Amino acid sequence: MLSFLVRRLAGLAVTLLATALVVFVVLEILPGDPAAVILGVSATPETVAALRTEFGLDLPAPERFIRWIGGLLTGDLGTSYGYRVPVAQLIAERLQVTLPLAFAAILLATLVGVPLGMLAASRPRGLRDAGVMVFAQAGLALPDFWVGILLVLAFAIGLHWLPSGGFPGWDAGLGPALASLVLPVIALALPQAAILARVTRSATLEALQEDWVRTARAKGLGAAATLYRHVLRNALVPVVTMLGVRFSFMIAGAIIIEDVFSLPGLGRLMFQAIGQHDIIVVKDLVVVFAALVVGINFLVDIAYGIVDPRLRRRA
Amino acid sequence: MPYRRSVLLAALVAGGIASPALAQDKSQVVLCQTLEPTVLDPTAGAAQAIREVTYGNIFEGLVAIDRAGKIVPKLAESWQISADNLVYTFKLKSGVTFHDGTPFTSADVKYSLERAVAPDSKNAQKWIFTPIASIETPDAATVKVTLKQVAANFLYGLGWGDAIIVSEKTAAANATTPVGTGPYKLDKWTRGDRLSLVAAEGWWGGKPAIARATFRFINDPQAQLAAIQSGDCDALTNFGAAEALPTLKADKRLTVTIGKTEGETIIAMNNGKKPLDDLRVRRAIAHAVDRNQVNLGAINGTGTPIGSHFSPAQPGYVDLTGRYPYDPAKAKALLAEAGYGSGFDLTLKVPPPAYARRSSEIVAAMLGEVGIRVSIENVEFPQWLDRVFKNKDYDLTIISHTEPLDINIYARPDYYFNYKSQAFVDLMKKVDAAVDDKTRLALYGDAQKMLAEDSVNVFLFVLPKVTVSKAALTGMWADWPLPATPLTDLAWQ
């Protein structure tokens with residue numbers, strides 16, 4: 001297990017370094033000058049040059065790359081060209097929105113999707129199964145941003161129960177902060193719940209065909225007990241895989257949902273940074289996103305081992 | 001069932017906490033605008049959003065531009081201009097302090113102006129300050145600015161956000177922790193979402209009606225619409241989705257006004273590139289574009305058509321919209337005369353704003369009608385700046401020039417239009433030297449005509465300022481002589 005962990009962690013580091021190099025080179029090639037964006041169309045070339053010097057953009061590319069990577073290793077992500085505050089502070093602020101949003105959505109999706117999938121599998125081709133499948137189809141077909149807009153129409157404009165968007169910050173109080181996350185979480189969770197319901201259903205159905213299920217039933221174990229003690233555990237492996245994959249999607253989906261609800265999350269920061277050519281923020285964010293995805297995959301691998309001891313031995 | 005009822009009640013209570021209180025708090029206002037400022041120092045960047053939040057609220061200049069576009073006293077109580085128009089003597093207001101308690105004196109004015117004109121200055125509008133030869137401070141309440149040459153727009157420039165007065169003690173940190181002399185100071189900034197200002201104690205102008213104002217930044221027009229309809233926003237300072245206006249106008253709770261801005265929207269043409277270096281071709285393009293249709297199709301007719309690079313909101317405006325009437329036959333004839341009877345290919349590089357993207361489709365179709373095959377290339381703003389603006393690597397582009405009174409950009413031979421006219425440069429020099437209003441405005445008229453005659457660009461319309469506010473909120477600026485949302489003008493009925 002230890003060597004497995006070390007190998008995985010080394011792979012993780014190499015992946016992140018490669019990502020950093022690629023994003024640096026790509027942004028180097030991309031035309032655009034942050035100083036020009038800040039100063040607009042009336043500024044003289046001399047003024048723009050003065051600002052470039054302040055940002056250190058006049059240094060040779062290899063030197064800038066080494067400075068950047070060196071900074072990343074020591075936890076210094078640099079200063080945003082646009083906001084003029086440390087990028088680490090910006091990202092930390094945005095994570096306070098994106099992480100709760102993504103985790104709450106994945107939790108809600110799991111709490112809704114997994115039981116629904118099992119419910120459907122417990123009586124295949126029955127009425128409940130059909131109902132769940134209709135929900136799953138609809139959930140897959142409806143884009144999350146559209147669900148978001150519908151939710152705003154109903155609960156913000158129609159009923160005035162919840163805000164239409166924005167995020168007052170956690171220090172504005174738990175109530176207002178949570179209230180502003182309710183609709184985005186639902187919008188983000190719904191399609192994921194639908195996918196999870198389908199995956200759980202087919203995994204459960206497959207597990208139900210296994211010999212050991214027949215053995216358990218033959219020993220006299222009740223249907224419910226068989227389902228929870230034996231089937232669920234085995235059906236969870238594909239579900240956990242799916243959760244890992246979906247989490248990456250969730251971070252990506254959050255970008256769109258953050259836009260619909262004007263939430264100050266990582267996704268909107270990325271959008272904005274690209275628009276303003278705040279390249280230092282773009283570079284740092286790509287690395288952060290890569291770290292999130294790679295890290296989640298790592299956790300999923302470990303979760304396999306916990307859910308299914310056979311995989312642990314094989315590794 | 002009591003259980004169900006309590007759940008419903010809980011939901012209603014939660015809703016009550018989340019949505020704004022039903023009774024309007026008359027000391028507060030929530031203003032929603034499209035873009036967020038990245039910094040709060042107007043001397044550190046050109047972004048319009050910086051002025052929208054800070055102008056007249058956090059920072060003040062010696063003079064200000066009021067809602068009608070007129071120069072009014074601000075930190076300078078009065079001023080005198082010498083007979084040769086070279087020496088400006090400002091008498092400063094007394095009893096003014098910065099938000100940190102430091103008294104405001106003539107030394108701050110000297111510092112601010114010298115900082116703006118310094119060789120390493122990063123002020124985006126350095127032209128305002130370059131005429132300055134020297135600044136003297138005979139006493140704490142007097143500033144004497146001597147110019148190198150007559151500059152007719154010097155005072156007007158001092159009214160811009162780029163000319164605000166800062167304190168030497170705090171200037172370096174103004175980007176994130178602004179310290180000004182204005183009626184409001186920064187309370188809290190949740191970057192990416194909202195920024196709140198609170199009334200500053202002891203402002204020289206008294207106590208404003210609004211004690212606390214929150215600016216919310218909502219990029220998406222649909223989300224803006226939802227925010228005003230749900231009551232989350234008290235006003236949208238400049239609403240972008242013109243097609244939703246009929247719905248909003250029909251809503252009795254809201255007031256909609258459509259005003260003018262200084263944003264001249266143009267089809268810029270690369271005058272230095274074949275075949276656009278031929279006046280007949282540029283005139284043909286001007287005749288081939290029906291600006292009323294573009295105005296209608298791109299922004300629902302909310303813009304004001306123009307015929308030269310000048311806003312109808314400015315004194316000195318000359319209506320030249322009739323110079324190139326929509327006439328495809330004439331356009332074709334001009335093209336044939338220039339030797340392009342069988343047409344040619346052009347690219348149209350378009351930056352992201354909706355007005356530009358939508359206009360580009362219509363314009364391309366209209367030019368296609370006269371045989372000019374236009375391929376549209378959408379670019380991001382940084383790429384637009386790099387390729388179109390800096391490297392002049394383009395044929396056509398559509399952009400709005402939002403700085404007020406910026407007709408002088410045509411006097412820069414290396415500007416991206418590639419318009420090289422010594423006659424125009426000389427004319428702008430005359431404008432600078434014309435301190436008499438009547439003469440100057442007449443010269444501005446000549447300049448507009450010259451640009452129209454040379455058909456430098458196709459002049460489409462000035463962008464509207466579309467204000468949507470709750471009916472009980474008064475004092476929003478209808479027009480934008482410069483982009484600003486002064487909070488001291490606001491009050492609840």
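Computed from a predicted model, the values in this text were never measured in an experiment.

Give me unusual backbone geometry: which residues, what numbers.
All names here are of chain B. Pro 275 follows Lys 274 through a cis peptide bond whose omega is -5°. Summarising the element assignment, Pro 275 is placed in the loop between strand S12 (254-269) and helix H7 (279-288). Backbone geometry places Asn 300, a non-glycine residue, at a positive phi of 55°.

Residues and numbers for the UniProt feature "domain: Solute-binding protein family" (unreviewed entry) in chain B, please.
Under the local residue numbering, the UniProt record ascribes the feature "domain: Solute-binding protein family" (unreviewed entry) to residues 70-401 of chain B. Between the C-alpha atoms that bound residues 70-401 of chain B the distance is 20 Å, and the span itself is 26% helix and 27% strand.

Go over the pattern of salt bridges with me, naming the residues and quoting the values.
Residue and element names in this part refer to chain B. Within the structure shown, the criterion is met by 25 salt bridges over all chains. Across the pair Asp 395 and Lys 273 runs a salt bridge, and its minimum N-O distance is 2.9 Å. Taken together, the positions of Asp 395 in the loop between helix H11 (381-390) and strand S16 (396-401) and Lys 273 in the loop between S12 and H7 put the pair 122 residues apart, joining distant regions of the chain. Asp 395 sits in the buried class, given a relative accessible area of 8%. Connected through salt bridges with shared partners, the residues Arg 283, Arg 323 and Glu 453 form a single ionic network.

Explain the packing of helix H1 (residues 2-29) of chain A against helix H12 (residues 279-307) of chain A to me, and be specific about the residues and the numbers.
Two numbers describe a pair of packed helices, the interaxial angle and the distance between the axes. Residues and elements named next belong to chain A. For the pair H1 and H12, interaxial distance at closest approach is 10 Å and the crossing angle is 155°. Here H1 is positioned roughly antiparallel relative to H12, judged by the angle of their axes. Once H1 is placed against H12, the crossing between them reads as right-handed. Between H1 and H12, the contacting residues are Phe 4, Leu 5, Arg 8, Leu 9, Leu 12, Thr 15, Leu 16, Thr 19, Ala 20, Val 23, Phe 24 and Leu 27 on the first element and Ile 279, Val 282, Lys 283, Val 286, Val 287, Ala 290, Ala 291, Val 294, Phe 298, Asp 301 and Ile 302 on the second. A breakdown of the residues in the contact of H1 with H12 according to their chemical character gives 18 nonpolar, 2 polar and 3 charged.

Summarise the state of the cysteines; cite the residues concerned and give the values.
Residue and element names in this part refer to chain B. By the definition in use, this model includes 1 disulfide over all chains. Residue pairing for Cys 32: its cysteine sulfur links by disulfide to Cys 233, the two sulfurs lying 1.8 Å apart. On the sign convention where negative is left-handed, the bridge of Cys 32 and Cys 233, at about -85° about the S-S bond, is left-handed. Placement of Cys 32 in strand S1 (residues 28-33) and of Cys 233 in the loop between helix H5 (221-229) and strand S11 (235-236) is noted, with a sequence separation of 201 residues between them. A relative accessible area of 1% places Cys 32 in the buried class. Residue Cys 233 is classed as buried on the basis of its relative accessible area of 0%.

Give me the UniProt feature "transmembrane region" (unreviewed entry) in chain A: which residues, what numbers.
Residues and elements named next belong to chain A. Those places that UniProt annotates as "transmembrane region" (unreviewed entry) correspond, in this numbering, to residues 9-30, 99-120, 132-157, 177-197, 235-257 and 285-307. Along residues 9-30 the backbone is 95% helical and 0% strand, and the end-to-end C-alpha distance reaches 32 Å. Across residues 177-197, helical content stands at 100% and strand content at 0%; the span's end C-alpha atoms are separated by 29 Å.

Give a description of the packing of helix H5 (residues 87-122) of chain A against helix H6 (residues 127-141) of chain A that names residues and reports values.
Residues and elements named next belong to chain A. Viewed as axis vectors pointing N to C, H5 and H6 meet at an angle of 145°, and their least axial separation amounts to 7 Å. In the crossing of H5 with H6, the sense of the turn from one axis to the other is left-handed. Residues Val 112, Leu 116, Leu 119, Ala 120 and Ser 122 of H5 touch H6, and the partners they reach there are Arg 128, Asp 129, Val 132 and Phe 135. Looking at the contact of H5 with H6 residue by residue, the classes come out as 6 nonpolar, 1 polar and 2 charged.

Give a description of the interface of chain A and chain B that names residues and reports values.
Taken together, the 48 residues of chain A in the interface contact 55 residues of chain B. Both sides together, the interface formed by chain A and chain B hides about 3900 Å², and carbon and sulfur atoms give 57% of it. In this assembly, chain A and chain B are joined by 2 salt bridges. B:Lys122 is the partner of A:Glu54 in a salt bridge, and the nearest nitrogen-oxygen pair spans 2.9 Å. The set of elements that each furnish at least two residues to the side of chain A that touches chain B consists of helix H2 (34-39), helix H3 (45-55), H5, helix H7 (144-158), helix H8 (174-208), helix H10 (223-260) and helix H11 (266-275) of chain A. Across the side of chain A that touches chain B, the residue classes tally to 26 nonpolar, 15 polar and 7 charged.

Conventions we followed
Residues numbered from 1 in each chain as written. Chains lettered and ligands numbered in written order. Predicted model: local features only at pLDDT ≥ 70, side-chain atom pairs only at ≥ 80, totals over all residues. Heavy atoms only, no water. Helix = DSSP H or I, 4+ residues; strand = E, 2+ residues; numbered from the N terminus. UniProt positions renumbered as here; feature names shortened; annotations may be inferred. Salt bridge = Lys/Arg side-chain N within 4 Å of Asp/Glu carboxyl O. Buried < 20%, exposed > 50% of the residue type's maximum accessible area, 1.4 Å probe, protein only. Axes fitted to C-alpha atoms, helices over the stretch in contact; angles between N-to-C directions. Parallel < 35°, antiparallel > 145°, perpendicular 65-115°, else oblique. Left-handed = near helix turned anticlockwise from the far one by under 90°. Contact = heavy atoms within 4.5 Å. Nonpolar A, V, L, I, M, F, W, Y, C, P; charged D, E, K, R; others polar. Disulfide = S-S within 2.5 Å. Buried area = accessible area lost by both parts, 1.4 Å probe.

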